[in-house]
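# Inside the fold
Each chain, letter by letter, is given below.
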Amino acid sequence: MKLSPPCNLSVYLSKDIRAIETAVKAHAPKPSLMQRAGLAAANLASQLIHINEPILIFAGPGDNGGDAFEMAIHLSQRGYLVQIYRLNEETQYSHDAALSLGGATNSAITWIVSHEDLEQALQSTSLIVDGLFGIGLNRAIIGRAAELVNLINQTSQRRSIPVLSLDIPSGLNADTGNIFTHTGASANSITTTIRATHTITFIANKPGLFTAKGRDFAGKIILETLNIDADSFPRTSLYLNANDNVTGLLHRRNHDSNKGSFGDVSIIGGADGMCGAAILSARGALMSGAGKVHVGFCTEQTRSSMEIDPQYPEIMCRHANDIEFAKSVIAIGPGLAHSPTAKKLLARALNESPCLVIDADAINLIAQDIQLQHQVLKRREKNFSTILTPHPLEAARLLNTDTANIQRDRLEAISELTDKFQTIVILKGSGSLISDGQTTFINTSGNPALATGGTGDVLTGVCAALLAQGLAPIDAARLACFVHGAAADALVDAGTGPIGLNASELMPAIRRQLNQISRG
Ligand SMILES: NC(=O)C1=CN([C@@H]2O[C@H](COP(=O)(O)OP(=O)(O)OC[C@H]3O[C@@H](n4cnc5c(N)ncnc54)[C@H](OP(=O)(O)O)[C@@H]3O)[C@@H](O)[C@H]2O)[C@@H](O)CC1
Ligand SMILES: [K+]
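Conventions adopted
Residues numbered from 1 in each chain as written. Chains lettered and ligands numbered in written order. Predicted model: local features only at pLDDT ≥ 70, side-chain atom pairs only at ≥ 80, totals over all residues. Heavy atoms only, no water. Pairing = 2+ DSSP bridges. Helix = DSSP H or I, 4+ residues; strand = E, 2+ residues; numbered from the N terminus. Axes fitted to C-alpha atoms, helices over the stretch in contact; angles between N-to-C directions. Parallel < 35°, antiparallel > 145°, perpendicular 65-115°, else oblique. Left-handed = near helix turned anticlockwise from the far one by under 90°. Contact = heavy atoms within 4.5 Å. Nonpolar A, V, L, I, M, F, W, Y, C, P; charged D, E, K, R; others polar. Phe/Tyr/Trp six-rings, centres within 6.5 Å; stacked < 30°, edge-to-face > 60°. Buried < 20%, exposed > 50% of the residue type's maximum accessible area, 1.4 Å probe, protein only. Salt bridge = Lys/Arg side-chain N within 4 Å of Asp/Glu carboxyl O. Domains from an automatic or database assignment. Buried area = accessible area lost by both parts, 1.4 Å probe. Near = heavy atom within 4 Å. Polar contact = N/O pair within 3.5 Å; in protein donor to acceptor, adjacent residues only side chain to side chain. Areas by Shrake-Rupley, 256 points an atom, 1.4 Å probe, with all protein chains shown as cover. Donors = N, O, S within 2.8 Å, 3.2 Å for Na, K, Ca; no water.

### Comments concerning the sheet that holds strand β19 (residues 440-443)
Overall, mixed pairing links the ten strands, which are arranged β10-β19-β18-β17-β16-β15-β14-β11-β12-β13 in an open sheet. The open sheet has two edge strands, β10 (238-241) and β13 (316-319), and neither has a second partner. With direction set aside, neighbouring strand axes in the sheet form an average angle of 20°. Bridge count for strand β11 (residues 264-269) against strand β14 (residues 329-332) is four bridges, and the pairing is parallel. Residue pairing across strands places Ser-266 opposite Ile-330, the latter belonging to β14.

### A few points about the packing of helix α5 (residues 115-124) against helix α6 (residues 143-159)
One way to put it is that α5 packs onto α6 with a least axis distance of 10 Å and a crossing angle of 30°. The orientation of α5 with respect to α6, classified from their angle, is roughly parallel. Where α5 crosses over α6, the two elements pack in a sense that is right-handed. Residues His-115, Leu-118, Glu-119, Leu-122, Gln-123 and Ser-124 of α5 touch α6, and the partners they reach there are Arg-144, Leu-148, Leu-151, Thr-155, Arg-158 and Arg-159. Here the residues of the contact of α5 with α6 sort into four nonpolar, four polar and four charged.

### Some thoughts on the environment of Gly-497
Topologically, Gly-497 is positioned in the loop between α17 (473-493) and α18 (503-519). Separated by 47 residues in sequence, Gly-497 and Leu-450 have C-alpha atoms that sit 9.2 Å apart.

### Thoughts on the packing of aromatic side chains
How two aromatic rings sit relative to each other is set out by the distance from centre to centre and by the angle between their planes. Inspection of the entire model under this criterion finds five aromatic pairs. Measuring from ring centre to ring centre gives 5.9 Å for Phe-58 and Tyr-85, while their planes differ by 45°; the resulting arrangement is tilted. Of this pair, Phe-58 sits in strand β1 (residues 54-59) while Tyr-85 sits in strand β2 (residues 81-86), and the two are 27 residues apart along the sequence. One exposure class covers both Phe-58 and Tyr-85, and it is buried. For the ring pair Phe-69 and Trp-111, a centre distance of 6.1 Å and an interplane angle of 45° mean the geometry is tilted. Taken together, the residues span a long stretch of sequence, with Phe-69 in helix α3 (residues 63-77) and Trp-111 in strand β3 (residues 110-112) at a distance of 42 residues. A connected cluster of aromatic rings, assembled from ring pairs, spans Phe-69, Tyr-93 and Trp-111.

### Quick look at the pattern of salt bridges
By the definition in use, this model includes 13 salt bridges. A salt bridge links Glu-147 to Arg-144, with the shortest nitrogen-to-oxygen separation between them at 2.7 Å. With Glu-147 and Arg-144 both in helix α6 and three residues apart, this pair spans about one turn of that helix. For Glu-147, a relative accessible area of 45% puts it in the partly exposed group. For Arg-144, a relative accessible area of 28% corresponds to the partly exposed category. The salt bridge involving Lys-327 is made with Glu-324; its shortest N-O contact spans 3.4 Å. For Lys-327, a relative accessible area of 61% gives the class exposed.

### Focus: the domain arrangement of the protein
Split by domain assignment, the protein resolves into domain 1 (14-236) and domain 2 (245-250 + 258-519). Each of domain 1 and domain 2 has a C-alpha centre, and the two are 40 Å apart. With eight residues of domain 1 in contact, the opposing surface of domain 2 contributes 13 residues. Where domain 1 abuts domain 2, roughly 810 Å² becomes buried across the two surfaces, and 48% of that area is made up of carbon and sulfur atoms. Among the residues domain 1 hides against domain 2, the three largest losses belong to Phe-210, Thr-211 and Arg-215. Together they make up 54% of the total.

### Some points on the site of ligand 1
The full set close to ligand 1 counts 20 residues, and Arg-18, Asn-64, Asp-67, Gly-134 and Asp-167 are the nearest of them. Interatomic distance of 2.8 Å between a side-chain N/O atom of Asn-64 and an oxygen atom of ligand 1. Ile-135 places a polar main-chain atom, nitrogen or oxygen, 2.9 Å from an oxygen atom of ligand 1. Look at ligand 1: alone it shows 920 Å² of surface, and the protein chains cover 80% of it.

### Describing the coordination of the potassium ion (ligand 2)
The potassium ion (ligand 2) binds to the protein through Asn-64 (OD1), Asp-130 (O), Phe-133 (O), Leu-166 (O), Ile-168 (O) and Ser-170 (OG), with metal-donor distances spanning 2.7 to 3.1 Å. Spacing between the donor residues of the potassium ion (ligand 2) along the chain follows N-x65-D-x2-F-x32-L-x1-I-x1-S. Leu-166 gets classed as buried once you look at its relative accessible area, which sits at 0%. Overall, the relative accessible area of 0% leaves Ser-170 in the buried class.

As structure tokens, this is what we get:
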């Protein structure tokens, strides 16, 4: 993939953003970065509400508060009725923030001090701006700040008014997408974070906005690079996975092609009582353009448990023993169960299949068996391609930990997985991560409609079909994740979900996405 930073798909951890800030500030830029951030935020606010409408701005003790003061200056000059509430009035501001505060003090801005005035401002404002904390937040929000966050969230929900967060919703960890947690007196964990409708993020995208809890709290994300020169951005190995960088991965088909041109996929799984999972994967592969699709059922008898898929007779059903493991892309795991037969088939797939997608029960079997883990590692030496597709619980089993530990820092978890298994990994969940150990992508499509049984089986089938069509494994994994999520987004937009969207309905929508993408 050719993408040079900075581009709107590059993602940086907060330590990298601090380094960029320091390098830029060494040249004393004019206007300052804070002034640019404030202006950009004011421009966005001007699009969200009409002139003369009231705006209530919350300013915290750090430079996030400085951005808020700058923004307030511009908005008051434009004729908006600006009110500011300052947290910690006695705070020691940075040089830039102190200048901005001075500018705001000399503007036509109302400073709210009393609780009654704050209550009144919350009743009348048309927009709330969250300039409480940015990337400098280093612990849970408690005390007065927590009261403010709760007041803001309650007001915006009750009155349906927008909340614009500056840089990142206050309370969210910019690197992990989790909320700083405080253990209160009652020993309950208390999490406090602004639930924004919009987030204008400065300098670069932060991972925490796009994965874990980030997507639930950030709302619509607008990137503002503050006109920083391209040379000031270091190389990154972290990108968003979005329409702009998946378009072009799947080529237009030649007229002079046949079913052999688009590869064979065999799904191994569907033990007794679990045929559905394997069938969903097979249908996913069929609808994603594989030339031929087989299901090898892992049953204790030597006969296939289904003769035919009545809805899609194109899918060839057999017993798993009758599948030629070396001759097609194999996706193993959906409904595989944990029987000795399942384990034998997995060992065979690991040993013989040059192109392998490993999901569900196959992941669980690998997690329990050191021998199978060695076999996974050996695949790298043989130049075989492997994609592992764990959800957080499966990832936890692979790393001998628990789900909470995986979700605590998903980027760290995927890096441990790629290190340990030397494969491509898709770590599913909100903001699925895709990594080959060198470059990591955060998927930007998808929604809670996907949180239902069978959607993971479909994803496995899509991955396998794209591998069969000749995509490089990392590209197959990225494109599969993107179209899977984008299909769900399109269905939800059309009213089919999030409630009740099912895996079978997802497949025709995935097919539409793939056809759109291959047309460019
Ligand atoms: N630098 C630049 O050039 C640019 C910076 N920009 C902006 O600056 C933001 C980063 O600014 P920042 O580093 O000052 O941190 P910020 O997030 O405002 O607040 C940290 C303050 O809060 C405190 N604190 C921490 N946790 C706390 C808690 N739970 N409860 C209470 N207090 C807590 C902490 O102090 P502490 O108590 O830890 O000593 C510190 O005082 C960035 O997100 C962007 O918006 C842009 O303008 C672009 C140019
Ligand atoms: K903020």
